[in-house]
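# Report on the structure
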Amino acid sequence: MEDNAKKLQELGYSNERVEQVLSQTSTLEEAISILEGSSSSNTAPDLNSNTPPQPETQPNLVNEPFHRIEMEEVTGALDMSEDPPPYDEIDKDPPTHVPVGLVSVPEETERGPEGQEGTQEAFEFPVSNLYELEGRCFIDNWSIPYKKTESLGILLQASTRLALEGKADENEHCKRFVDRAMHDCLDKLMTSNAVHRWDNNIQEGISDMLELFLEFTAAKLQTSKVNTNIKTLQLLADVFRPDSPYHHKNRSQRYNKAHWDELLKGKPYAASPHFTLKKDPCGVLVDTMNHFGYKGGFDVIRDRLIHTEDLQLEDLNALLQPLSRPIDYFESNLFKEYFKQPMTTTIRYLGDLNNETLKRKEVGCFSECINALKIIVNKFWSQDDLYTIDQIRFDITLKMIQVSHFNSKMNGLIEVIKLIDEAQGTYSSLTHTHTRSSVTTVKLIEWLTTNKVLSIALEGNLHHNQYCDKLKKIVEFIGNRLTTEEITTIWNLQEDQNQVLVDNIHSLLSAATGKLTAYQMDHLFQLIQKSWDSDPSDRNHERLLKLIGKIAKDDKMGKVANKVLELLWELAHSLTLSNEMLEEALEAHSAILSDSYFIKEQTRRQYIAKCLEDIKKGTWVTPAFQQLHKIIEGFVKRSAHKQARVVITELQKTYELIRITTNSLSSYHKAIMKSVGKDKLEGDTPVENGRYKYSQCIEAHLKLMHYILTDGALYLPKMRAEEVWDALASPESCHADRELCYEWFHNGLGDLEMDTQTYMFQHKVLKINPRTLTTNGYRCLRVFFEHANQNDKRLKRTAASTIIDKFELMGLDYLWQAALEVQGQDIADLLITNILQVSYQHLSARLKKDLGVIHKNFVTDCVTKLDHAIGQLEVASKKSPKKEKEDPAETRRLCIQVIDRILQLLFRYVTHTEENQSYVRTQPPHGSTFQGHPMVLFVSCEQPKKDFPLECHNNETLGSLRKRIARSLNSIPDRIQILANEKPLIDMRDKKVIQQLGLEDEQLLIVKVSNFHTYPVRHETPGMEENKGIGDQARASFALEQENNLPSIQLTSDRKFYTKLYSLVKLGQTKVTNRVLNLLKILPSDPTILSALNIFYSDEEVEQDQKTAILTQLFDCKANSAFQIFYNLEVLSAMLMPINGIDERALGFKKSFIKVGGLNVVITVLQQDSIAIDVDYEVRQGCYSMSLQLARYLLCNKTSIVNLTRTQSIVEQVEKESTQPTEENEGEPEGEREKENGDIEMKELIFSPTEDIQEKEPDVGPSVEQDNLTQIEEEIVKSATESITNEDFKAILFCLSRVTWAAAAGKLQLAATKGDQDMLKPNTCLEEIYVSAKDSALVQESLELLVAILKLRPLLLESFYSLPNLNALVLDVLIGSPNEHIRTHMQENIWQLCKYFNESNLPENVDNPRNFFVKLLLRSSLPYWGSSSTGRNSKLTKQLERCYQYFDLLCRIIIGLTKEEQVLLELDADVTMKKELEWLQNTVIMLDT
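Conventions we followed
Residues numbered from 1 in each chain as written. Predicted model: local features only at pLDDT ≥ 70, side-chain atom pairs only at ≥ 80, totals over all residues. Heavy atoms only, no water. Axes fitted to C-alpha atoms, helices over the stretch in contact; angles between N-to-C directions. Helix = DSSP H or I, 4+ residues; strand = E, 2+ residues; numbered from the N terminus. Parallel < 35°, antiparallel > 145°, perpendicular 65-115°, else oblique. Contact = heavy atoms within 4.5 Å. Nonpolar A, V, L, I, M, F, W, Y, C, P; charged D, E, K, R; others polar. Left-handed = near helix turned anticlockwise from the far one by under 90°. Phe/Tyr/Trp six-rings, centres within 6.5 Å; stacked < 30°, edge-to-face > 60°. Buried < 20%, exposed > 50% of the residue type's maximum accessible area, 1.4 Å probe, protein only. Pairing = 2+ DSSP bridges. Salt bridge = Lys/Arg side-chain N within 4 Å of Asp/Glu carboxyl O. Patch = residues over 30% accessible without salt bridge, like charges linked within 9 Å, V, L, I, M, F, W, Y side chains within 5 Å. Areas by Shrake-Rupley, 256 points an atom, 1.4 Å probe, with all protein chains shown as cover. Disulfide = S-S within 2.5 Å.

On to the packing of helix α51 (residues 1122-1136) against helix α52 (residues 1144-1155), then. The interhelical angle for the contact between α51 and α52, taken along N-to-C directions, is 125 degrees, at an axis separation of 8 Å. Judged on the interaxial angle alone, α52 and α51 are oblique. In this structure, α51 contributes Leu1132, Met1135 and Leu1136 to the contact, and α52 contributes Ala1146, Phe1149, Lys1150 and Phe1153. Among the residues making up the contact of α51 with α52, the classes are represented as six nonpolar, no polar and one charged.

What follows is the structure, encoded as C-alpha cells:
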C-alpha cells in the first residue's frame, strides 16, 4: 500500500486524493483509473470460455477517454467461428488530439496548432503506462494493448524520443521498459500460438507496434554503443525471423512495392523473392525490413561493421544476426554492394582474434557469429569466400583448444562437436539456405589428425565431466583412426590420478570401443590386463571392472561382447580377487549375457556348462551356483517367445540341473564336515578360502533348486528330496543346516508330489528330535502335517481353517510329544493350540455329536501322560537312572516341563470348551464361588453421560458386573454393552470371571446402553402351569447331563486328582504352582474339603469335638502345606460368604464355625511362624488375603472391602475433566454440585460386589426376613468378639502390623522373620521402587481390620502404642512406600482413628490417638525442617517425592488443636513456622530426572 501511494505521488497526485482512492481499491491500475476520472472495470477474460475475446473499453491514462481491444493468450478451446467486431465500430469517440509526451513525426509534434514553432514542456516518461503494461503482460492470462494510443504504443514512442535525445539509458523507467516489458510484449505478439486466431485489425496493430519498435531501435543504435543494445539487437533478429508465428500467419501477403520505391527512391532494402524460388512473399516482413532501413537502421549496422575497432565478439554477433535471419528477403544487388565492405571487415576481424579475446566468456558466441557470416556469404558471394570462413573457423577453434584457459578450451571443443555434426549431416549452419555444409568428414578428420587436436585437448581439464563428455564425442568420431600410441597415451593419463579423472578417462575409452578394430581392442585389453596384474588393489580392480562393464554396455555393434565375457570369466576365477570385486565381475558378466542383444543362445549355454563344470570340481562352488542362477534367469528373460517353464524344462533335460544340485549339496556338506569337524561346523564357518560362509553356499544350492522347481513347474523326485533332507536335517547336521532345510521345505512343499509329501512326513519330519524343535521346524512340521493328512483324506483345508474328519490323524502322537518336550515356550504354545484345534475346535459336526466321549478321551490322555511324568520324576529324584548316560537333573527338568505343559493343556482345553455354557451349574468352578482380590474398574458411559468407579473382585462374573452397571444406569442387563480395550465383552461370556477375561485393576470399561430390547410375548393357555413344571424338570435334567459331560467334571470324578495336584505344588516350582492354582479355579471345589466342612452347617453339641478335629485337620499350618491352607481358606470363604449373598444357612455355618474357635484358626495364619519364609510368593499373598477377608467378616461383619481412598481419587480425576454444568444444576453453587456429584454418587455407586442384584424394583423397605438375618448376624459377631481375650487381640494387632509393613514394602516373606533375623526395619519400604496392586490391597485390608479392632476394644490403644517399631512402621509406610495408594491407606486409616476417639469414648488414662500421632510425626527423625542442605541424596529425594500424605495427615491432625492441647503437645506455632520457612529457603535438592 505504501509503495503504491509513493508511486502515485510521484505522478503528481495530491496526498489527500491518493489516500482517498487507495482506501477504495488495493491495485495500482484501478487507483490510476479512478484518479483519471473513470473506474476501470477491465478484467482478464476467462481462459476456459468458448467465446472469442471481445474488445473492451479502457480509459485513457492521459486525460482523454478512448477505447481499445486487448489481445490475450487463450489456452482453452475457443470458438473462432465468429470474429470480434472491427475496431472502427467500437471506437466511437476517437481522441481529438495527440496526447502529451508522444512523438510520431518530429516536425508535427514540435509545432503548435497554427504551425508555428512552440516551446516544449519538460518531458516526463509515462510511468503510469509502464505500471499498467507490466500488470497486464507479466501474468498468466496476459493482455497486451496494440494501438499507438495505448500503453505499449505510448511507451515505445516515449522511448524513441529519449533515444533520439541520447537519454534512453539514463532514464531509469525507460531502461526498465526496454529491458523487460518491451521484450516480453513483442515476443508474445510475435511468437504466441494465439497469433493465428487474431483478426486483421489485430495483425495491423501488431505491425504498428513493430514499426514503433524499429523506429526506437534505429534511434537507439544511432545514439549509443552496440554493447548497450545487445538485447535490442537480439529482439530485432527475432522480429526479422521469417518462420516466426506472426510472419508465418502473414506469409502470403504482398509488400507495398510502390510505397517503398517512392520513399527509398527505387532502392528498397528488401523485396519478396521471385516466385520461381518457391518462397512465400512475406510482405509484412519485407515492409518491416524496409521500414527499418528507411529509419536508418541498416545504415547504422553497416557503419558499425565497418568500424570494428571498439567492437567485442558479442557485439559483432549481435549486429550480424539481424542480417542473417531474413537473408532470403534482402534485395541481392543492393546488399552485395552495400554490405561488401562490412563483410570484408568482419572476416578480417574474426581472423585476427587473439588469445586474450578467446579467454573471455563471450567467446562462446563465436560459433553463432561464424554461422551468421557463412549464411550471408553463402547467399551473396562465392564458395571461395565460404572456404575462407571455414579456414578461419578451423584456425580459431584450434587456437581455443591450444589456450590453457578452461573457458576457451571448452568453447573450442563445443565448436569441434558442431563441426563433427555438420560433417555427419546431423547439423548445418546453413539451414536457412538449404545448402549442404562445406565441412566434409574427410576434411575434418584431416584437420583433426594433422593438428593433433585430440592430443592437445587431452592435456588438461579431464577432471571436468562436461569437458570429458565433449572429448568423448571426438573420440567416437575418430574411432578406428586412433593409433595404438594414442590409445596408450589416453590410458596412461590415469596414472596417479583421482577417481573422477580415472572414471572420465575410462568413459572416453569405452565410448571409442564400438568403432575400434579387433587389433585396437586387443591392445586395449592388454592394457587392462597389465594394469590388473600390476596393481592388485581392490580400488584398481573396481575401476577396471567398471571400465569393462562400460565397454560392453557401449558396444552397439556386438564386436567386443564375447571378448569382455571371456575377460570377466578369467578375472572372476582369480584367487587374489576380493569378494566385492568378484561379485562385481560376476554381476557385469551376467548383465552382458542377459541384456546384450549380440550374445547368442549358444554363448549362454556355453557358460551354463562352464558353471556346471566348476560345480562338479567342487572348487568354485558358491559363485558358480550364484552365476548359474543369474544366467538361467537371463536365459528365460531373453526367450520371450517361450514360457519360462518350457525354457527351464529344456535346460533341466539337457543338463540335469536338479540331480547335479542335490549331488553337490550332499558331497559339499560331507566335505565340509570332514574338513572342519562335526562339532565345529556352524553357519558362519568360512569356506572356499574364507571367501564365503558355509550357510551362503547352502543357500545358493537351495535358491537355485527352488527357482528351477517353482518357475519350471517341476516336481522334486522323492529320491532327491531324501538326499536334501539327509544332507541338511540329519542328526550330524549343524543348527544352521537344519534351519535352512526346514525353511526350504516349508516354502517349497508345493514342489513335492502328494506321495512324496506323505513319505517325507512319515519317514523324515516325524524323526525330528522334538526337544530341539525350532520355529522353522514347527512351521515345517505343521505344513507337512496338514498336507499329509489332507492327502489321506483325514482332514479338509478351507480358506479360513481346517476341518477334521477322522480322529486318527497321522502324526498326532508326535504333536503331543513335541508340545510336552520342546524347550521353547513360544513353540509349545503354538503346538498346544494345534492340539486343541485337532482335538476339539476343528472337529467336523459329525465327530462332535458325542462331546462327552471326546472330553473323556482327551482328559484320560492328559491324566495318563501326567501320571507317567510324575512316575518318571520320582525315579529321577531317587537318582537311579535306567541308563548311565542319562542325567538325573536333565530328566527331572524335562519331567517338570512335561507336567507344566499338561497342566497348561488341561487349563486351555477346559476353558475353551466350557466358556460358552449358559446353564446354571450344580458344581460351579471353584474360582467363581468365593471373593477374590478387590479391584476397581472405571466405567464410562456416553448416553446417558455417567462416569463412575465400580468396586469388585477378580472372581466376580461378567454377568454380575453387567447387572450392577445396569442398576447404576437405571437400565436392565440385556441392554448393557461393555467394551474393554476396544473389544466387546459379549453376553456369552457372562459366566466368566474377571480374572479369566484379562481385566486389570483400574481398567477403563466403555459402556453403551442399547435402545432396543425385545421381550418374549407370553400367551396364557390352559394347563400352562403343569406344562411349565414338566418343562423345568426336563431342562434341569438336560442341564445336569450336559454338566456331567464337561471336561472339568470328568477330570474331577476321581477325587485322587485333587491330591495329585496338591502333590505337584510340593515340587517347589513356581511355574507349576501357578498352573495348579489356575487349574483349580476352573475345576469344582474339592468335594473332600466340602464334605468335611459341611459338618459346620449342623449346630449339634455332640459334633463339637469332631468339628474341632476338622479345623485342626484342614487349617493346621504345621500339618498342611501353605498351598493347602490357601485352598482350604478359599473353600471356607465360599461357605462363610457365598458369592450370591449370605442366607440363613450361611449364618448357621458362621455361628457353628465361630463357636469352635474358627476365628482363632483364621488369625493363626497371619502369625510369624505359620507360613515358612520360602513359600511361593503368590501362595503367601493368597493365604494372607483370604485370612484378612475372613477375619474382617467374622469380626466386623463386612463381606467386601470398599476402597474409598482409591475410588475417591478416581472421582476427583473425573471431576477435573468434567464438562460444563447442565441446565438442571447451572444455577446451583459449585460446592453443592460437588457434594451432589461426589458424596451422594459415591454412596449410590460403590456397593458390595457380593450383593445379589436383581432388576430394579420400587423401594418397599427391608423385609422381616432381612431384619431377622441382620439381627442374627449382629449376635454372632458380638459373641465372636466377646469370646476373644485382650491378649488374643494384642496378638492380632501385632500380626496385622507386620503384615501391613511387609506388604507395603512388597516383600510379604519379611512378615515371617523374627528375632535376630527380623528384616522389618526402618526404611524397608523406602528402598523399594515397586509394589504390586495385590500387596496394596493387603495393606488396606490389614489397616482397616486393625482400626476396626481398636474401635471395638478401645482399651487396646495402649497395647497398640507399645507395638514394637510402631514409629518406624508408620513413618516407613507413610513416607517410604513407592505405592501412592499404600501411603494414602495409611494416612486415611490414621485419620479415621484420630477422628473416632474423643473424650466421650476414650478410656481413662489412655492417650488420645491424635496426641500420639502428633508426637510421632513431629518428633521423628526426618529430613524435614532440619538444617539447610544442598546436593544429591537418593534417600532424601525419595522422601521428598513421597511426602504429600505425611504433610496432609499432619495438617489434618494439627488443625483444630486448642491452645491447651498445643501447650500439652509442646507445639509453638511461631517456632514451627520459622523453621519451615527457613528450611524451604535454604534447602536445595537436585532431583534425578
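Here the focus is the packing of helix α26 (residues 518-534) against helix α28 (residues 561-572). Following both chains from N to C, one finds α26 and α28 inclined at 15 degrees, their axes separated by 12 Å at the closest point. In terms of axis orientation, α26 runs roughly parallel to α28. When you trace α26 past α28, the crossing you get is right-handed. For the pair formed by α26 and α28, the contact residues are Asp522, Phe525, Ile528, Gln529 and Trp532 on the first element and Lys563, Val564, Leu567 and Leu571 on the second. Of the residues belonging to the contact of α26 with α28, the class tally is six nonpolar, one polar and two charged.

What follows concerns the packing of aromatic side chains. Overall, the coordinates contain 35 aromatic pairs when judged by the stated rule. Ring centres of Tyr269 and Tyr338 lie 6.1 Å apart, and the angle between their planes is 70 degrees; this geometry places the pair in the edge-to-face category. Residue Tyr269 is found in the loop between α12 (257-263) and α13 (283-294), and its partner Tyr338 is found in helix α16 (residues 332-351); the two are separated by 69 residues along the sequence. Neither Tyr269 nor Tyr338 differs from the other in exposure class; each is buried. When the ring of Tyr1446 is compared with that of Phe1447, the centres are 5.0 Å apart and the planes differ by 80 degrees; the resulting orientation is edge-to-face. Taking the relative accessible area as the measure of exposure, Phe1447 reaches 25% and is therefore partly exposed.

We now examine the pairing of strand β10 (residues 946-953). Burial of β10 is extensive: six of the eight residues sit out of reach of the surface. Sheet analysis places strand β9 (residues 934-941) next to β10, joined by eight bridges and oriented antiparallel. Bridged to Phe938 within β10 is Pro949.

Here we take up the pattern of salt bridges. Side chains that differ in sign of charge can pair as their charged atoms come close. Throughout the structure, instances matching the rule amount to 42 salt bridges. Residue Arg794 pairs with Asp792 through a salt bridge whose shortest N-O separation is 2.5 Å. Of the charged contacts in the structure, one is a salt bridge between Glu1287 and Lys1290, with a shortest N-O distance of 3.4 Å. Of this pair, Glu1287 and Lys1290 both sit in helix α58 (residues 1286-1304), three residues apart, which is roughly one turn of that helix. A network of salt bridges, in which partner residues are shared, links Glu134, Arg176 and Arg180.

Taken together, the side chains of Met1473, Leu1477 and Leu1480 present a nonpolar region at the surface, about 300 Å² in accessible area. Looking at the element boundaries, Leu1480 is found in helix α67 (residues 1469-1482).

On to the sheet that holds β9. Pairing between the strands of a sheet comes from backbone hydrogen bonds, and it takes one of two forms, parallel or antiparallel. One open sheet accounts for five strands, arranged β10-β9-β13-β11-β12; its pairing is mixed. Every other strand in the sheet has two partners, leaving β10 and β12 (983-985) as the edge strands with one partner each. In this sheet, adjacent strand axes meet at a mean angle of 35 degrees when their direction is disregarded. Here five bridges tie strand β11 (residues 976-980) to strand β13 (residues 1004-1009), and the two strands are oriented antiparallel to one another. In the strand pairing of β13, Gln977 is matched with Lys1008.

This part is about the pairing of β11. Of the two faces of β11, only one is covered, namely that formed by Ile976, Ile978 and Ala980; the face formed by Gln977 and Leu979 stays uncovered. For β11 and β12, the ladder comprises three bridges, and the chain directions are antiparallel. The residue bridging Leu979 from the neighbouring strand is Pro984, located in β12. Hairpin connection, β11 to β12: the antiparallel pair is bridged by two residues, and Asn981 has positive phi, about 55 degrees.

What follows is about unusual backbone geometry. Looking along the chain, the bond that leaves Gln943 and enters Pro944 is cis, with omega of 5 degrees. Inspection of the secondary structure puts Pro944 in the loop between β9 and β10. In this model, Asn981 sits at a positive phi of 55 degrees, which is unusual for a non-glycine residue. If you trace the backbone, Asn981 turns up in the loop between β11 and β12. By relative accessible area, Asn981 is classed as exposed at 58%.

Right, let's get into the environment of Pro944. A residue is classified by how much of its surface remains accessible, and Pro944, at 35% relative accessible area, is partly exposed. For the pair Pro944 and Leu969, spaced 25 residues apart in the sequence, the C-alpha separation amounts to 7.5 Å.

With seven of 10 residues buried, helix α10 (residues 230-239) is to be regarded as a mostly interior element. Turning to α10, its buried residues number three or more, namely Ile230, Thr232, Leu233, Leu235, Leu236, Ala237 and Val239. Those residues of α10 that are buried lie in contact with α8 (172-191), α9 (200-223), α11 (245-249), α13 and α15 (313-324).

The next point concerns the state of the cysteines. On inspection of all chains with the given rule, the structure shows zero disulfides. Residue Cys780 stays outside any disulfide, its sulfur separated by 6.8 Å from that of Cys741, the closest cysteine. Since its relative accessible area comes to 0%, Cys780 is described here as buried.

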